[in-house]
Amino acid sequence: MRALICHSAKDLRIENTELPAMGPDQVRVKVAFGGICGSDLHYYQHGGFGTVRIKQPMALGHEISGVVDGLGANVKHLAVGQRIAISPSRPCGACRFCQLGQQNHCLNMRFFGSAMPFPHIQGAFAEQLIIEGYQAHPIGQHLSLSEAALAEPLSVGLHAIQRAGGVLGKQVFVTGCGPIGALLIGGLRRAGAARIVAADIADLPLKCAKEMGADETINLKTQPELLDKYKVDKGQFEAVFEASGSEPALRAGLDVIMPRGILVSVGMGGDMSIPMTQLVAKEVDLRGTFRFHAEFANAVQFLNSGLINGKPVITSVLPMDKAVEAFELACDKSQSLKVQIDFEAA
Ligand code: ZN
């Protein structure tokens, strides 16, 4: 079977690899769609991010859907032919943080397509995969496998909302309307946010934010003055989600957040300087958010039931043979939000 292997920056190859043997608690899957995520792009463009570097060839990818193709003897909740969304998260279940119910902080996490540990954890961009039975989440007949591959980035957004500790009836500001920010907006709508204002520096993501449920969109590059009305009286938003990973966006968020507001930083934009005086004087709660755990099942449920429609987020789908083209397209933020690879297309 073929897999998409990253050797180093700008060196992505389609290679033949061996599928490992299937254990009794495992499932063999024919991969259908794989979404290219920001971290995949970092590996492709720069060979890593922060201090994380690719030190050995690694298959990329962790946003995937597929069809069950074989079952281990102990797997009873699935059938061959079942269409599934696949959680890339494989916590150990035994460490201190798994025992605390914080599986996203697992000390022995084997998250698909991660160069954080060494040896690296191989990713899921391949024609076939062996997964654990618990990673498989059945999808409804009406949900496309392409949309099902959005369950992972939606989970990231839902976990960020959980970190804010409730948004019911609140005025919410979202900066950065790429796939995560846009899906997060869909989640905010369902979580009961009263009003959602979305900001970005490009029009394509703002159009998507509107389709995902934002009440107002602001282009911070061409109409920054639209933010002024939210800066008055010490700020107007009770919660801010910063999903761009950029310092100017974080600073804009601090300008418009109310005293004692909650600012959740979703983007992995690297280290930046924070105006501490402003943060302290406004008594702002600055919170991180990292991956997800239980939210994956919630995300699949929301997509299955149509409570969140992820279609506006998907801008292109290319066959596996055009994987490099797909990665280049995903790098171009002027025309791409979520770019997916179709592993079944000839
Ligand atoms: Zn663990």
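Note that this is a predicted model, so its numbers are computed, not measured.

1. Notes on the domain arrangement of the protein chain
So, point 1. Domain annotation for the protein chain reports domain 1 (2-150 + 310-342) and domain 2 (154-288).
So, point 2. Measuring from the centre of the C-alpha atoms in domain 1 to the corresponding centre in domain 2 gives 28 Å.
So, point 3. Here domain 1 packs against domain 2, burying approximately 880 Å² in sum over the two surfaces, 77% of which is carbon and sulfur.
So, point 4. It is Pro-312, Val-313 and Leu-337 in domain 1 that bury the most area against domain 2; as a group they hold 52% of the surface buried on that side.

2. Notes on the nonpolar core
So, point 1. Grouped together as the largest cluster of nonpolar side chains are 55 residues, with contacts concentrated most on Ile-185, Leu-188 and Phe-241.
So, point 2. Of the residues forming this core, the biggest block, 7 residues, is contributed by helix H4 (residues 151-164).
So, point 3. Counting only domains with at least three residues in this core, you end up with domain 1 (2-150 + 310-342) and domain 2 (154-288).
So, point 4. Sequence-distant contacts of Ile-185, defined by excluding residues within four places in its chain, comprise Val-174, Cys-177, Ile-196, Ala-198, Ala-209, Met-212, Gly-213 and Ala-214.
So, point 5. Grouped together as the second largest cluster of nonpolar side chains are 37 residues, Val-27, Leu-78, Ile-84 and Ala-115 included.

3. With respect to the packing of aromatic side chains
For any pair of aromatic rings, the description consists of the separation of the ring centres together with the inter-plane angle of the planes.
So, point 1. Counted under the stated rule, the structure contains 8 aromatic pairs.
So, point 2. When the centroid spacing of 5.0 Å and the interplanar angle of 20° are considered together, the rings of Phe-173 and Phe-237 count as stacked. One end of the pair, Phe-173, is in strand E11 (residues 171-175); the other, Phe-237, is in strand E14 (residues 237-242), and 64 residues separate them in sequence.
So, point 3. Ring centres 4.8 Å apart and planes at 40° place the aromatic pair Tyr-230 and Phe-237 in the tilted group.
So, point 4. What makes Tyr-230 buried here is its relative accessible area of 9%.

4. Topic: the coordination of the zinc ion
So, point 1. Distances from the zinc ion to its protein donors, Cys-92 (SG), Cys-95 (SG), Cys-98 (SG) and Cys-106 (SG), fall within 2.4 Å.
So, point 2. Summarised as a motif, the one-chain spacing of the donors to the zinc ion is C-x2-C-x2-C-x7-C. With a gap of 11 residues between them, Cys-95 in the loop between strand E8 (83-86) and helix H2 (96-99) and Cys-106 in the loop between H2 and strand E9 (128-132) connect regions that are remote in the sequence.

5. Overview of a nonpolar patch on the surface
So, point 1. A surface patch of nonpolar side chains, amounting to about 400 Å² of accessible area, comprises Met-272, Ile-274, Met-276, Val-280 and Leu-286.
So, point 2. Tracing the sequence through the fold places Leu-286 in strand E16 (residues 285-288).
So, point 3. Its relative accessible area of 39% is what places Leu-286 among the partly exposed residues.

6. Considering H4
So, point 1. When the terminal C-alpha atoms of H4 are compared, their 20 Å separation across 14 residues agrees well with the 20 Å that a helix rising 1.5 Å per residue should span.
So, point 2. Inspection of H4 places Ala-151, Glu-152, Pro-153, Leu-154, Ser-155, Val-156, Gly-157, Leu-158, His-159, Ala-160, Ile-161 and Ala-164 among the buried residues, and these make up the whole buried set.
So, point 3. Phi for Gly-165, located one or two positions after H4, is positive at around 75°.

7. Looking at the pattern of salt bridges
So, point 1. In this structure the tally under the stated criterion is 15 salt bridges.
So, point 2. Measuring nitrogen to oxygen at the nearest pair gives 3.7 Å for the salt bridge that ties Glu-15 to Arg-13.

8. Focus on the layout of surface pockets
So, point 1. Roughly 350 Å³ of volume is contained in the second largest pocket.
So, point 2. Lining the second largest pocket are 19 residues, and of these Met-1, Pro-20, Gln-122, Gly-123 and Leu-129 lie nearest its centre.
So, point 3. Listing elements by their share of the lining of the second largest pocket, those giving two or more residues are strand E1 (2-8) and E9.
So, point 4. The element contributing the most residues to the lining of the second largest pocket is E9, with 4 residues.
So, point 5. Looking at the lining of the second largest pocket, its residues break down into 11 nonpolar, 5 polar and 3 charged.

9. Considering unusual backbone geometry
So, point 1. Following Phe-118, the chain continues into Pro-119 via a peptide bond in cis, with omega recorded as -5°.
So, point 2. Looking at the element boundaries, Pro-119 is found in the loop between H2 and E9.
So, point 3. Of note, the phi angle at Lys-234 is positive, near 70°, even though the residue is not glycine.
So, point 4. Mapped onto the secondary structure, Lys-234 falls in the loop between strand E13 (216-219) and E14.
So, point 5. For Lys-234, a relative accessible area of 59% gives the class exposed.
So, point 6. For Arg-291, which is not glycine, the phi torsion reads 50° and is therefore positive.
So, point 7. With respect to the secondary-structure elements, Arg-291 resides in the loop between E16 and helix H9 (295-305).

10. Notes on the sheet that holds E16
So, point 1. Sheet architecture is open: 6 strands sit in the order E13-E12-E11-E14-E15-E16, paired in parallel fashion. Of all strands in the sheet, those bounded by a partner on one side alone are E13 and E16. Averaged over neighbouring strand pairs, the angle between their axes works out to 20° when direction is ignored.
So, point 2. One ladder, built from 4 bridges, connects strand E12 (residues 195-200) with E13; its direction is parallel. Following the sheet pairing, Ala-198 is matched in E13 by Thr-217.
So, point 3. On the sheet, helix H6 (residues 203-211) packs against E12 and E13 and is oriented at approximately 170° with respect to E13.

What counts as what
Residues numbered from 1 in each chain as written. Predicted model: local features only at pLDDT ≥ 70, side-chain atom pairs only at ≥ 80, totals over all residues. Heavy atoms only, no water. Domains from an automatic or database assignment. Buried area = accessible area lost by both parts, 1.4 Å probe. Core = buried A, V, L, I, M, F, W, Y, C linked by side-chain atoms within 4.5 Å. Buried < 20%, exposed > 50% of the residue type's maximum accessible area, 1.4 Å probe, protein only. Helix = DSSP H or I, 4+ residues; strand = E, 2+ residues; numbered from the N terminus. Contact = heavy atoms within 4.5 Å. Phe/Tyr/Trp six-rings, centres within 6.5 Å; stacked < 30°, edge-to-face > 60°. Donors = N, O, S within 2.8 Å, 3.2 Å for Na, K, Ca; no water. Patch = residues over 30% accessible without salt bridge, like charges linked within 9 Å, V, L, I, M, F, W, Y side chains within 5 Å. Areas by Shrake-Rupley, 256 points an atom, 1.4 Å probe, with all protein chains shown as cover. Salt bridge = Lys/Arg side-chain N within 4 Å of Asp/Glu carboxyl O. Expected span 1.5 Å × (residues − 1). 1 Å grid on protein atoms, 1.4 Å probe; cavity = no way out; pocket = protein on both sides within 12 Å on 5 of 7 lines; lining within 4 Å. Points joined across faces, edges and corners; volume = space filled by probe spheres on them. Nonpolar A, V, L, I, M, F, W, Y, C, P; charged D, E, K, R; others polar. Pairing = 2+ DSSP bridges. Axes fitted to C-alpha atoms, helices over the stretch in contact; angles between N-to-C directions.

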